[in-house]
Amino acid sequence: MLDQAFEALKKFDWGQEVKTVAAIDEAVIATHGDAAKRKDLEAKLTAALQTECPLDAKQYICRKLMVIGTAACVPALAALLSDKQLAHMARFALERNTAPEASAALRDSLPKLSGAQKAGAIASLGGRKDAASVPELIKLLGDGDAVVARAAAYALGVIRSPEAAKGLAEAKPSADVKPAVTDASLACAESLLAAGKNNDAKAIYMGLATGADTAKHVKLAATRGMLACAEKK
Amino acid sequence: MNYLRLLLSLLLCCGLISVAYAQDGVIDLITSLLKEKDKEIRGLAFEQIRKEAKGEAVTKKLAELLPTFPPETQVGLLSALADRGDAAAAPAVRELLAKSENNVVKVAAIKALGPLGGAADLKLLVGSLTAESDTVRDAARDSLTRLPGDATTGMITELKESPVKTRAALLPILTARRAQEAVPVIIEAAGADDASLRAAALAALAELGNGEDITNLMPLVLKSAAGREREMVERTIAAVSRRFPTKEYQARPILFELQKCDDPSTIAAWLPTLGRVGGSEALEFVDNAVRSKTSEMHVAGVRALCNWPDGSVVSRLLQIARTDSDADIRKATFQALVRIAPLADERDDKRRLDTVRTVFAMCGSDAERNQVLDRAKAIRNIETLRYLLPFYDQPQFGQQACLTTVELAHHSSLRESNKDEFMAALDRVQKVSKDPVVIDRAERYKTGQTWYRPKSGDKSPAE
C-alpha cells in the first residue's frame, strides 16, 4: 500500500482523491515511537522530494517531513529555500525540525537568498528562537532591502535575548525599518522584565520613552514599561 | 518628558534603584509623570496609582504631594486616590478641600471623601447637600451614599436635626444605602409640615419599609390631605405590602389595623388603601363596606374596589356602575372599570375582551370609548387585534385603534405567531394613521424590529 502511495505521489495534485496517498498519512501515525521505521519513511519521503515529482507532491512531502523530519532531511529541504514556489513549505518543515542542523541550514542560506525568500528564512530563525543567528540578524538590520531589515528586527523581537536587545538598541535603522525595531525592542524589554532583568528592561524602556523623535504611542508603551519595572521587586 | 529623562538618568547613573528602594523609585517615577504636561502620560501615572502601586506608605506620600500639583492634576490624583480606596489619603484630601479655592478641585475632594472618608466627614458632606453649586451637591450626595457603613447612624441623627431642605436631600441617600434602621425617623418625616419632605419620605418608605412598618404607616393616611397626597401615602403602603412574597398575606397587616379600629371614619379612610393591595381576604372586608347602609362606608368600599390591582372585582364594578343610586359613584366606578376591565385575573383572555366590549357599550362619549380601545392593549391576544379591525375606518376611533395595534404588535411572540394578520393590520395602520411615530413603528414591526418603543410625540426618524 505504501509503495502504491509513493507511486501515486508522482502524479499527485491537491484536486485528486487524497486517499491515493492515505497510506503515507497512516504510516506517519503508525511509525510513531518506532525510530527505525520512521527513519525509513523519512528517507523515502526525502528521496521523493528530490525527484521531478509535481509541485503539489513536493508540498505534500514537506508537510509530512514537518511531522517526522530529522537532520537527515535537512539538506533536501534547504535546497528548496531559494525556490519561490516551495521555499515557504520547506521553511514550514525546517522551522519545526528539532535538529540543530535545521537552524544551521537556515543560517547558511542567508547569504545566498534575497527578498521574500531571505525574509522568510529570517522569520524561521526567529520562529526557532535561534540565539546563534543573532549577530547575523543584527547586521541585517542595516540591509538595503527594507523587507529583509524589518524581518530581521521582528526575528530579534521573537528571540528576545539580551544580545538581541542590545543589537536593537544600537541599531540605526532607516525610517522604514524603525517601527519594526521599536516593536522588537519593546518585546525584548518585556521578556527581560519577565526574566527579572529589570535594569536591562528599564534601559530599553527609558531609551524609547525619552527619545526626541519617538512616537506618542511608543512613549506611552515605554513609560508603562518603566512603571512596571519600578513596581517589580 | 524632561522631568522623566532627568529622573531616569539619575537613577541609571546611580547604578539603578535597588530592590530595597523600589517603592521610592515608584513614587519618584509616578511623581515625575504627574508633572508631565501630556495628560496621557499623567494618565499612566493615575492608572498606576489606581491599580499597581501598593501600600499605605505609597498612598500617604502621594496624598502629601496633592498641594504641589496644579488643579488639573489635583483633580486626577484625587480621583485616582479615591479609586485606590486607601483611607490613609483622607487627611490630605480634607486639608486640600479646606484650603483649595478651586471649585473643581473642591468637587473632586468631596467625591474622594466618599470612599476614603468616614463618620468624621459627615457634617461637612451633609452641609454640602444644600450648597449653591449643583456639582457640589451631586458630589456630596454620591459621597454620602458611598461613605462607610458606620456613617448611617450619624445620617439618621442628621435626618432628625437638620433643616428641612437637608432632610429631604438625605432621604434618597439613606434609601440608596438601604438604611432600614432609618425607617422610624423617615415615618416621622413623612408626617412633617413641609410637602417636599413628606414626598421624599414617602418615596424612601416605599423602598425601605417592610410589613412590620405598616402599623406605623397607617396613621399617615389620616394625616394626609385627601387627593393627590393621600394617594401617594396609599401607594406607599401598597408598595410596602407587596413586599410580602405570598399574595394572600399582603393585605393582612392593613386588615389587622382595620379590625382593631372601631372608628367608622378611620375605617372609611383606610379602605381605599386596602383596595390598592387587593386579595380575597381584603375583598371580603370591602364587600361588607360596599353593602353598608352608611353612605361614608359605602363610598369608601366602592373607592377600595376602584383601586383594585387586578380584574377580580370587575363583576362588582359593573353592577355598581349600572345600579348605584348615586350618579357620582356610578361615574367614578365606570372610570375604574375602564382601567380594570382588561387586567389579568382568573378570567381567560376571551372573557376579559368580552368585558372590554361591555364597558365600550356603556361609554357615554367617544373620549371614553377611545380610552377603552387604549386599555384593550393589556389583552395580548389575536382576538384583541380582530376586535380593533372595524375601528380603523371610523374617523373618531381610527387613530386610537392604530396606536393600540402597534402596541400589540410590539410583542413579538404575539405578532410572530399571527404574522399574516398582523402584517395586514400594520399595512392598514400605515394607511390610516396620521401619527408619524405610529407609522414608523408599524414599519419597524413589519420587519421584526421590536427593540425600540418610541412614544407618540417623539420625533419621527425622518425628522
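See the structure above.
This structure is a prediction, so every number in the text was calculated from the model and none was measured.

Caption draft 1: The arrangement of the overall build of chain B in detail. When helices and strands are counted, chain B shows 28 helices and zero strands. The C-alpha radius of gyration of chain B comes to 31 Å, more than 25% above the 23 Å expected for a compact globule of 463 residues. Counting the 463 residues in chain B, one finds 51% classified as buried. Restricting the contact set of chain B to residue pairs at least 6 apart, pairs at least 24 apart contribute 61%. Looking at chain B as shown, the accessible area adds up to about 22200 Å², and 51% of this sits on carbon and sulfur atoms. Charged side chains in chain B number 64 positive and 64 negative. The centres of these two groups are separated by 2 Å.

Caption draft 2: Fine view of the environment of T153 of chain B. Residue and element names in this part refer to chain B. Counting through the fold element by element, T153 comes out in helix 10 (residues 151-161). On the accessibility criterion, T153 (55% relative accessible area) is exposed. Between the C-alpha atoms of T153 and A90, which are 63 residues apart in sequence, the distance is 20 Å.

Caption draft 3: Structural detail: helix 15 (residues 228-241) of chain B. All names here are of chain B. Given a rise of 1.5 Å per residue, 14 residues ought to cover 20 Å, and the 20 Å separating the end C-alpha atoms of helix 15 matches this to within 8%. Buried within helix 15 we find R230, V233, E234, T236, I237, A238, V240 and S241. Where helix 15 is buried, its residues touch helix 13 (195-208), helix 14 (214-223), helix 16 (252-260), helix 17 (264-277) and helix 19 (295-306).

Caption draft 4: Representation of the pattern of salt bridges within the structure. Residue and element names in this part refer to chain B. According to the stated counting rule, one finds 43 salt bridges over all chains in the structure shown. Between E407 and R441 there is a salt bridge; the shortest N-O distance is 3.2 Å. Of this pair, E407 sits in helix 25 (residues 395-409) while R441 sits in helix 28 (residues 436-446), and the two are 34 residues apart along the sequence. A relative accessible area of 14% means that E407 is categorised as buried. The exposure class assigned to R441 is buried, which follows from its relative accessible area of 2%. Close ionic contact of D427 with K446 constitutes a salt bridge, the shortest N to O distance being 2.6 Å. Highlighted residues: D427 in helix 27 (residues 419-432) and K446 in helix 28, separated in sequence by 19 residues. Look at D427 and you get partly exposed, because its relative accessible area is 35%. Residue classification places K446 among the partly exposed residues on the basis of a relative accessible area of 24%.

Caption draft 5: The nonpolar core, seen in detail. Ranked by size, the top nonpolar core spans 228 residues in total, and within it L271 and L274 of chain B carry the most contacts. Residue contributions to this core peak at nine residues, all from helix 10 (residues 146-159) of chain A. Each residue touching L271 of chain B, except ones within four places of it in the same chain, is listed here: F285, V286, A289, M297, A300, G301 and A304 of chain B.

What counts and what doesn't
Residues numbered from 1 in each chain as written. Chains lettered and ligands numbered in written order. Predicted model: local features only at pLDDT ≥ 70, side-chain atom pairs only at ≥ 80, totals over all residues. Heavy atoms only, no water. Helix = DSSP H or I, 4+ residues; strand = E, 2+ residues; numbered from the N terminus. Rg over C-alpha atoms; globule rule 2.2 N^0.38 Å. Buried < 20%, exposed > 50% of the residue type's maximum accessible area, 1.4 Å probe, protein only. Contact = heavy atoms within 4.5 Å. Areas by Shrake-Rupley, 256 points an atom, 1.4 Å probe, with all protein chains shown as cover. Lys, Arg positive; Asp, Glu negative; His and termini not counted. Charge placed at Lys NZ, Arg CZ, Asp CG, Glu CD. Expected span 1.5 Å × (residues − 1). Salt bridge = Lys/Arg side-chain N within 4 Å of Asp/Glu carboxyl O. Core = buried A, V, L, I, M, F, W, Y, C linked by side-chain atoms within 4.5 Å.

All we've got here are geometric facts, nothing functional implied.
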